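Secondary and tertiary structure notes
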Amino acid sequence: MLEKNKKENRDNDLMEKIVSLCKRRGFVFQGSEIYGGLAGTYDWGHFGLALKNNIKQNWWKKFVDGRRDMYGVDAAVLMNSKVWEISGHVAGFSDPTPDGKQFNVMFKTQIGAGEEASVSYLRPETAQGMFVNFKNTVDAFHPKLPFGMAQVGKAFRNEIAPRDFLFRQREFEQMEIEYFVKQENWEKYFEYWKGEMLEWMQEVGLDMNKVHELEVEKEDRAHYSSRTIDFEFDYPFGKKELFGLAYRTDFDLKNHKLDYIDEEEGEKIIPHVIEPTFGVDRAVLALLVSVYAEDKKEGEVRSYLKFKPNIAPVICAVSPLLKNKPELVEYADLKVYAPLKAEFGRVAWDDNGNIGKRYRRQDEIGTPFCIVIDFDTLTDDTVTVRDRDTGEQVRIKVDDLRSYIKERIN
Ligand code: ATP
C-alpha cells in the first residue's frame, strides 16, 4: 500500500511538473486564462505550437508525402447536418451523464439567421470530411484500390468531464486516415496499419515501453466499428487511450450511398475502410511524458526534455558568452545566428543570465544543442557546442556548424 501511494505521489508530481513547465516555458496555457479559463480548452504558446507542428509535419511526411497511395483533404469544420444524421452521430454519439442520462457530445450550432437558419454541428471527428469527399477524390485522381485519404484538423466534443490536461479536451486536433480496401483484404491491411502506427510512435520518440495494445470488446466499440485496437499509454494518471485503429467496414460509404468502380473487375463495389486515428494533443502529452527527465548537474537537479532533434521546438540556441560585449554579440548574430536561422528556422537567441542559467532554460525547452560564442571565437572562428543530454561540449568550426546540426536532425 505504501509503495502504491509513493508511486501515485510520484505520478501526480510528474504531471504537475509537466503542466507547470508547459506554462513557464511557453508551451501550453489554460484557454482564456485571464478570465478564469474555459474548461476543456488550452491555448498553445510559441514552443508548444512548434512541437505540435513538428509532430503533425512528421506524420504528414510519413503517411502522405512519403507514399504514393494517399490523398490529403482539408474539409470544412461545419458540415451539412445530414452528414451527422447519416453517420449515426446524431442518434448515437453520446456519453452517460453522472445521473445516467445519455448526452450527445456534439456541439450544436446555428447556421444563418432568422427563419432561414439551420442546425449544424462542429465536427466531432475529421473522418466524415474524408468520406464526403470520397467521390471528389476518386473523380479527380482515379486512384486504384487500396488507397487512402488523410486529414489533420480540429474536432470538437462537448465532453461531460474534460480533464487531465491535454488528454480530454472539448476542442482538440486529430490526424486521421481512411484507407480504402477490398473487403477480402481488410485483415491484411488492419495488421499492416497496426505496424505503421507503432513505427510512427517510435519515430517521434514515444517511450514504447509505455505503449500497449488493447483489443476493444464489441460492447465498447464505436457504432461503426467491427474491430478496434486502442493503443493505450501509461500516462501519469493511468493507462488510457492514446490512438485507435478501427475497421469501419463499408458502414460510412454505404450510408452515404457512395461506391467505386473497380476497373480491373469492371464492377461497382463499396470499399471497406481501415481507420488509423491519432489525437495530436494526446501525442504531445504522451511525448512530454516520454521525454521528461531529471538528473543532477553540478550538484543541482535539472529537468530536461529529451526530444529527438527533428521534433524539438528549438533545434539549437545561439549564445554570445557576454551580452555587454558588442564584438561577441555582433559575431554571434551575423556569423552564427543569422545563417542558422535562415537554414533551420527553429533557432533561438539566448543571451539572458549567466551561461549556466541559459543551459538550464534550454534544457527545459528540450533544445538539443547550445552554441556559445566566446573570445576565442573571435580569433579562431570556432564555437562551443554543448549537448543537452550529456552536457558534453565540443569545439567546432563555425563553418562546420550547419553540417554538424544537419547530420543530427534526421
Ligand atoms: P475516449 O474513449 O478517450 O473518449 P474515443 O475512443 O472516443 O476516446 P476516438 O473517437 O477514437 O476517441 O477519437 C480518435 C482519437 O482522438 C483518440 O484516439 C484520441 O487520440 C483523440 N481524442 C478523442 N477525444 C479526445 C478529447 N476529448 N481530447 C483530446 N483528444 C481526444
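Everything quoted here is computed from the prediction, not taken from an experiment.

Right, let's get into the overall build of the chain. Counting its secondary structure elements, the chain contains 13 helices and 23 strands. Burial analysis of the chain (410 residues in total) assigns 50% to the buried set. Here the analysis covers contacts within the chain between residues at least 6 apart in sequence; of these, 64% occur between residues at least 24 apart.

With that out of the way, let us pick up the site of the ligand. As a matter of local geometry, the ligand sits amid 15 residues, with E159, R168, Q169, E241 and L242 nearest to it. At a separation of 2.8 Å, a nitrogen atom of the ligand approaches a polar backbone atom of Q169. Between an oxygen atom of the ligand and a main-chain N or O atom of L242, the distance comes to 2.6 Å. Burial of the ligand by the surrounding chains reaches 81%, relative to a free accessible area of 600 Å². For the ligand, the cavity whose grid points lie within 2 Å of the majority of its atoms is the largest pocket. Counting only elements with at least two residues in the shell around the ligand, the list comes to strand 10 (171–181), strand 13 (238–249) and strand 16 (272–279). Here the element with the most residues in the shell around the ligand is strand 13; it accounts for four residues. Its residues placed into classes, the shell around the ligand shows five nonpolar, five polar and five charged.

A few words on the pairing of strand 23 (residues 393–397). Bridge count between strand 22 (residues 382–387) and strand 23: five bridges; the pairing is antiparallel. Bridged to V383 within strand 23 is I396. The turn joining strand 22 and strand 23, which pair antiparallel and follow one another in sequence, is formed by five residues; a positive phi near 75 degrees is taken by G391.

Strand order in the open sheet made by the seven strands is 3-9-10-16-13-12-11, with mixed pairing throughout. Either end of the sheet is taken by a strand with one partner, and the two such strands are strand 3 (70–72) and strand 11 (211–215). Looking at each pair of strands side by side, their axes are set apart by 25 degrees on average, direction ignored. Sheet analysis places strand 13 next to strand 16, joined by six bridges and oriented antiparallel. If you follow Y247 over to strand 16, its bridge partner there is I274. Across the sheet, helix 9 (residues 280–291) lies against strand 10, strand 12 (227–235), strand 13 and strand 16, angled at about 40 degrees from strand 12, the strand it touches most.

Now for the nonpolar core. Counting 64 residues, the largest nonpolar core has F27, W200 and F307 as its most contacted members. A total of nine residues in this core trace back to one element, the largest contributor, which is helix 9. Among the nonpolar cores identified, the runner-up in size contains 22 residues, and C316, V385, V398 and L401 belong to it.

Another aspect to go through is unusual backbone geometry. In this structure, the amide linkage connecting L145 to the following residue, P146, adopts the cis form with an omega of -5 degrees. Note on placement: P146 falls in the loop between helix 6 (134–141) and strand 9 (147–156). Phi at D164 is positive, roughly 60 degrees, even though this residue is not glycine.

The next point concerns the domain arrangement of the chain. Each assigned domain of the chain is listed with its residue range as follows: domain 1 (2–289) and domain 2 (314–409). Using C-alpha coordinates to define each centre, domain 1 is positioned 38 Å away from domain 2. Contact residues are listed per partner, giving six residues for domain 1 and five residues for domain 2. In total, about 590 Å² of surface goes out of reach between domain 1 and domain 2, with carbon and sulfur atoms giving 57% of it. When the buried area of domain 1 at its contact with domain 2 is split by residue, R25, F47 and N54 rank highest and sum to 66% of it. Scanning the region where domain 1 abuts domain 2 turns up two salt bridges. A salt bridge links R24 to E364; the shortest N-O distance between them is 2.5 Å. Taken together, the elements giving at least two residues each to the side of domain 1 that touches domain 2 come down to helix 1 (2–24) and helix 2 (46–65).

On to the layout of surface pockets, then. Taking a probe equal in size to a water molecule and rolling it over the atoms shows the remaining empty space. In this structure, the largest pocket encloses a volume near 1200 Å³. In this structure, the largest pocket is lined by 48 residues; those nearest its centre are F93, R157, R168, E241 and R282. Within the residue set of the lining of the largest pocket, elements represented by two or more residues are strand 5 (94–96), strand 10, strand 11, strand 12, strand 13, strand 16 and helix 9. Top element by residues in the lining of the largest pocket is strand 13. It accounts for eight residues. Considered class by class, the residues forming the lining of the largest pocket number 17 nonpolar, 10 polar and 21 charged.

What follows concerns the packing of helix 10 (residues 326–344) against helix 13 (residues 401–409). Where helix 10 contacts helix 13, the two axes come as close as 11 Å, and the packing angle between them is 35 degrees. Between helix 10 and helix 13 the crossing geometry is right-handed. Facing helix 10, whose interface residues are V336, L340, E343 and F344, helix 13 presents L401, R402, I405, K406 and I409. Residue composition of the contact of helix 10 with helix 13, grouped by class: six nonpolar, no polar and three charged.

This part covers the environment of D139. If you trace the backbone, D139 turns up in helix 6. Placed 76 residues apart in sequence, D139 and E215 show a C-alpha to C-alpha distance of 36 Å.

What counts, and at which threshold
Residues numbered from 1 in each chain as written. Predicted model: local features only at pLDDT ≥ 70, side-chain atom pairs only at ≥ 80, totals over all residues. Heavy atoms only, no water. Helix = DSSP H or I, 4+ residues; strand = E, 2+ residues; numbered from the N terminus. Buried < 20%, exposed > 50% of the residue type's maximum accessible area, 1.4 Å probe, protein only. Contact = heavy atoms within 4.5 Å. Near = heavy atom within 4 Å. Polar contact = N/O pair within 3.5 Å; in protein donor to acceptor, adjacent residues only side chain to side chain. Areas by Shrake-Rupley, 256 points an atom, 1.4 Å probe, with all protein chains shown as cover. 1 Å grid on protein atoms, 1.4 Å probe; cavity = no way out; pocket = protein on both sides within 12 Å on 5 of 7 lines; lining within 4 Å. Sits in = over half its atoms within 2 Å of the grid points. Nonpolar A, V, L, I, M, F, W, Y, C, P; charged D, E, K, R; others polar. Pairing = 2+ DSSP bridges. Axes fitted to C-alpha atoms, helices over the stretch in contact; angles between N-to-C directions. Core = buried A, V, L, I, M, F, W, Y, C linked by side-chain atoms within 4.5 Å. Domains from an automatic or database assignment. Buried area = accessible area lost by both parts, 1.4 Å probe. Salt bridge = Lys/Arg side-chain N within 4 Å of Asp/Glu carboxyl O. Points joined across faces, edges and corners; volume = space filled by probe spheres on them. Left-handed = near helix turned anticlockwise from the far one by under 90°.

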